[in-house]
Amino acid sequence: MKPAVRAAYWLVPPVFCLWLYWQGLKVWFQADDFAWLSLARQIHNGKHLLQALFEPMAQGTIRPWSERGFFLLFYSFFELDALPYRVFVFLTQFLNLALLSHLVWRLSRSRSAAFVAPLLWTANSSLIVPMSWSSSYNQILCAFFLLAAFSFFLRFAERGQLTDYFIQLSIFILGFGALEINVVYPAIAAAYVVLIDRRRRLLLSLAPLFALSVIFFFFHHAFAPGLASGPYALHFDPALPVTLLKYWAWTFLPMQWPDRAGHIPLLGRLALLAMAGAVLVFTIWKAKQRNCMPLFFLSWFLITLAPLLPLRDHISDYYLAIPAMGIASIAAIGISEALNSSRTVAISTLALAAVYLWLNVPEARSGVNWYFERSRGVRTLVLGVQRARELHPGKAILLTGIGDALYTSAIAHSPFAALGIPDVYLAPDNESSITSHPGLNDLSMYLLPTDSARKALEDEQVEVYTPGPTRLQNVTSAYEKKLLAQPPPGLPRRVDVGNRLESYLVGEGWYALEGGYRWMSRRGTVYMGGPRARSEQIALTGYCPKEQLRSGPIHLQVTVDGHPVDLIRFSDPETPFHRILTLPPQVLGKERIEISLEVNRTFQPQGDGRSLGLAFGIIEIH
Amino acid sequence: MAIRFRTVALFIALVAVVCLSDCKSRNRTRVQTDEEPPRMAAVLSMADPRANAQLLSGFYPVEQNAWRWTASKFSVILRTPRGADQKGATLKLKLSVPDSVIQQVKSTGVSAALNGVDLAPESYTQSGEYIYTRDVPARAFAGDSVKIDFALQKFMPPGPVDARELGVVVSMVGLEGK
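Parameters and conventions
Residues numbered from 1 in each chain as written. Chains lettered and ligands numbered in written order. Predicted model: local features only at pLDDT ≥ 70, side-chain atom pairs only at ≥ 80, totals over all residues. Helix = DSSP H or I, 4+ residues; strand = E, 2+ residues; numbered from the N terminus. Buried ≥ 20, exposed ≤ 12 C-beta atoms within 10 Å, placed from the backbone. Contact = placed C-beta atoms within 7 Å. Expected span 1.5 Å × (residues − 1). Pairing = 2+ DSSP bridges. Axes fitted to C-alpha atoms, helices over the stretch in contact; angles between N-to-C directions. Parallel < 35°, antiparallel > 145°, perpendicular 65-115°, else oblique. Nonpolar A, V, L, I, M, F, W, Y, C, P; charged D, E, K, R; others polar. Core = buried A, V, L, I, M, F, W, Y, C linked by C-beta atoms within 7 Å. Domains from an automatic or database assignment.

**Q** When you look at the overall build of chain A in this model, what are you seeing that I'm missing?
**A** The helix and strand inventory of chain A stands at 22 helices and 14 strands. For the C-alpha atoms alone, the extent of chain A along its principal axes is close to 90 × 55 × 45 Å. Counting over 622 residues, chain A shows a buried share of 44%. Considering only contacts in chain A between residues 6 or more positions apart, those separated by 24 or more positions represent 75%.

**Q** Sorry if this is basic, but what is going on with helix H15 (residues 293–305) of chain A here?
**A** Given 3.6 residues to a turn, an α-helix orients residues that are three or four positions apart in the same direction. All names here are of chain A. Given a rise of 1.5 Å per residue, 13 residues ought to cover 18 Å, and the 19 Å separating the end C-alpha atoms of H15 matches this to within 8%. The buried fraction of H15 is high, at 10 of 13 residues. Every buried residue belonging to H15 is among Met 293, Pro 294, Phe 296, Phe 297, Leu 298, Trp 300, Phe 301, Ile 303, Thr 304 and Leu 305, and all of these are buried.

**Q** What's the story with the sheet that holds strand S11 (residues 563–570) of chain A in this structure? I'm lost.
**A** Residues and elements named next belong to chain A. In spatial order, the strands read S8-S13-S10-S11; together these four strands make up an open sheet with antiparallel pairing. The strands lining the two open edges of the sheet, one partner per strand, are strand S8 (523–528) and S11. Put simply, the sheet's adjacent strands are angled 20 degrees from each other on average, direction ignored. Summarising the sheet, strand S10 (residues 554–560) and S11 pair through seven bridges and their orientation is antiparallel. Following the sheet pairing, Ile 554 is matched in S11 by Phe 570.

**Q** What exactly am I supposed to notice about the environment of A:Ile171 here?
**A** Residue and element names in this part refer to chain A. As for its position among the elements, Ile 171 is in helix H9 (residues 162–175). The exposure class assigned to Ile 171 is buried, which follows from the 21 C-beta atoms found within 10 Å. Residues in contact with Ile 171, not counting those within four places in the same chain, are Phe 145, Ala 148, Ala 149 and Phe 152.

**Q** Please clarify how the packing of helix H14 (residues 265–288) of chain A against helix H16 (residues 324–339) of chain A should be interpreted in this entry.
**A** Axis angle and axis distance: for two packed helices, these are the angle between their axes and the distance between the axes, and together they describe the pair. Residue and element names in this part refer to chain A. Where H14 meets H16, the closest approach of the two axes is 10 Å, and the angle between their N-to-C directions is 70 degrees. Compared by their axis directions, H14 and H16 come out roughly perpendicular. Across from Ala 278, Val 279, Phe 282 and Thr 283 in H14, the residues of H16 making contact are Ile 327, Ile 330, Ala 331 and Gly 334. Residue composition of the contact of H14 with H16, grouped by class: six nonpolar, two polar and no charged.

**Q** How should the nonpolar core be read in this particular structure?
**A** Burial of nonpolar side chains together is a common tendency in soluble globular proteins. Ranked by size, the top nonpolar core spans 155 residues in total, and within it A:Ala117, A:Ala149, A:Ala332 and A:Leu398 carry the most contacts. With 15 residues, helix H8 (residues 137–159) of chain A is the largest single contributor of residues to this core. Per-domain counts for this core show at least three residues from each of domain 1 (3–371) and domain 2 (392–489) of chain A. Apart from residues lying up to four places away in sequence, A:Ala332 is in contact with A:Val104, A:Ala113, A:Val116, A:Ala117 and A:Leu120. The next biggest cluster of nonpolar side chains, apart from the first, holds 38 residues, and it includes B:Val97, B:Val110, B:Tyr124 and B:Val168.

This is how it looks when you write it as structure tokens:
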């Protein structure tokens with residue numbers, strides 16, 4: 001190749017990727033990102049670092065390189081500047097494009113196929129999420145490990161040098177830190193040997209890799225057991241082929257296609273049939289000619305998708321990011337061969353490719369733009385609150401006008417606690433504008449009760465902000481007028497003993513606040529609104545540490561307005577504990593009730609002069 | 001192979017550029033908020049620069065970002081706490097009587113007046129920190145804000161060391177609703 005052609009050959013795919021996902025570079029943090037960003041605040045020594053990197057977290061996952069390590073490293077240098085994180089994701093993807101091109105060339109010896117494969121993969125709408133959301137970097141990094149390991153395996157198959165084999169092995173082992181799907185790599189390599197290379201010795205060389213995958217599977221299962229219920233539960237049932245067909249369709253026709261304005265359903269179905277049919281027919285036709293290379297890439301699709309098929313209730317198009325490169329490679333080889341075939345075949349193949357791009361490219365651009373726009377609101381909110389805290393030290397921040405979008409992409413993931421900004425609450429009026437979402441934190445965790453908000457405003461302990469078009473706007477005066485014009489709501493029926501804005505509901509017997517909870521001495525009292533229905537119960541949340549139980553079990557007597565409710569026994573440490581108790585009928589409908597909590601014994605921690613009973617957080621009637 | 005080395009070199013160079021752009025990075029993580037015009041507060045901390053507008057007379061510049069000397073008479077205007085025109089409010093003046101004052105004047109005292117309502121004085125014969133607290137009847141509150149005039153019984157007149165008239169050191173003044 002001439003230097004200019006060679007440069008274009010390598011540069012066009014990343015430039016196309018940059019053009020398509022440009023907004024993805026500017027996307028800010030959102031949703032799960034805040035959980036990873038918070039890790040840096042939890043690390044104070046080497047043990048904490050190891051825990052942060054390797055302890056199973058969300059949905060039982062252990063992904064030290066692609067999630068925890070990635071966020072920890074970049075946060076330590078760049079904190080809340082998202083651009084470097086995004087640049088790194090793009091750079092990794094550029095490497096993936098080069099590796100895929102290299103892989104297709106090695107297998108097909110076709111420069112045109114090697115050029116087209118990364119372009120088709122880039123255009124696939126399954127890359128929208130990985131190219132827009134830093135928390136899904138795991139897909140990009142896992143693709144890198146799979147492609148890199150397989151490239152060295154191909155070198156080993158060609159040259160027989162053990163160095164290549166061991167580099168492959170090392171990359172494979174490291175790949176487990178990116179995404180669990182890495183476990184299928186030996187099956188990909190085996191598919192290559194069985195379908196293309198066919199050397200038994202080469203197949204045997206994969207035995208240690210299979211053994212490692214089995215070990216990883218059991219190790220992972222032991223430390224991060226699968227969930228029995230919820231969206232991440234595995235289902236091995238007749239839904240498996242249905243899920244596979246859904247993913248197969250999304251590989252060609254974007255999941256978002258039915259939402260595109262003016263779309264014609266029949267056109268989508270016809271395009272899907274034509275594209276999927278062409279890929280299958282070409283694969284079978286080549287297999288009959290004893291060329292199993294397309295079959296190998298189809299295996300790539302199936303093997304990398306297989307672990308995700310049992311997730312019946314959590315089907316996401318971005319799970320196709322790695323499998324889709326198999327189909328893109330088949331299509332690229334098909335296009336390459338069609339260009340050397342009759343004019344009719346060439347034109348019809350190029351027409352199919354054009355349809356694929358017409359369907360996917362607009363979705364990719366609008367998808368990444370959606371993430372960008374959503375993250376702009378999150379950025380305005382989170383950095384705005386950070387600025388508000390600087391302007392009003394010592395005051396709590398109350399947020400009003402938070403809609404569903406900001407709640408699900410930011411608030412419900414506790415961004416302020418994660419970034420070390422305490423005392424940020426949702427104003428009570430948000431309750432009506434936010435719908436609760438299963439799987440997200442309960443809205444009540446963030447809401448300040450109306451009565452507490454009024455008290456905080458009267459005492460000038462709070463500043464109220466609402467998200468504006470480009471900035472957070474201070475609306476304290478207007479909000480105060482609006483809230484105080486309403487009739488007093490009565491005492492709240494949910495008291496957070498650990499919230500300083502609700503200190504006026506905390507009676508005698510309590511010590512000073514400590515990071516979201518409060519210790520009581522032998523006896524503590526709390527005031528709140530009474531139950532409104534006979535069926536309502538009182539829920540207590542607190543902490544009973546092991547130090548309290550050194551002299552044996554303790555008992556907590558709960559009394560409401562002088563009526564004994566329950567005697568709770570603690571024989572094991574519970575941090576936290578939750579208890580739900582039935583309320584006495586005498587307090588039904590009362591505007592103000594007194595909850596009395598009394599333990600039969602206190603303890604004195606070493607170096608602490610206080611006599612401690614139990615620590616409490618939220619006390620709620622529901 | 002050469003092209004791959006170049007790719008890796010480019011990759012490393014780009015990462016280095018990103019790392020070196022740290023100062024710009026900090027600019028990208030700072031945003032501004034649209035703030036309300038300063039509101040009249042019911043409680044003023046002397047450390048808060050926004051308190052200046054409500055300190056009408058008799059206060060000297062803030063010192064150590066925490067407190068101010070007063071003259072023999074000093075006045076503030078405070079927001080009327082909600083419901084004070086019906087239930088009254090509590091006036092609190094957090095002050096310190098320095099050694100130098102007590103040594104010179106032996107004893108001093110503070111009194112306050114709001115809208116023609118005089119509040120009982122309090123005397124101090126020792127140096128130290130005090131909170132002058134008085135219940136203010138509802139009749140003292142007629143509007144959204146109220147002017148409070150404080151007066152000291154004794155004070156240090158201007159002298160060769162300090163040309164100012166010095167009374168007490170104040171760190172906070174405020175009205176709390178009942």
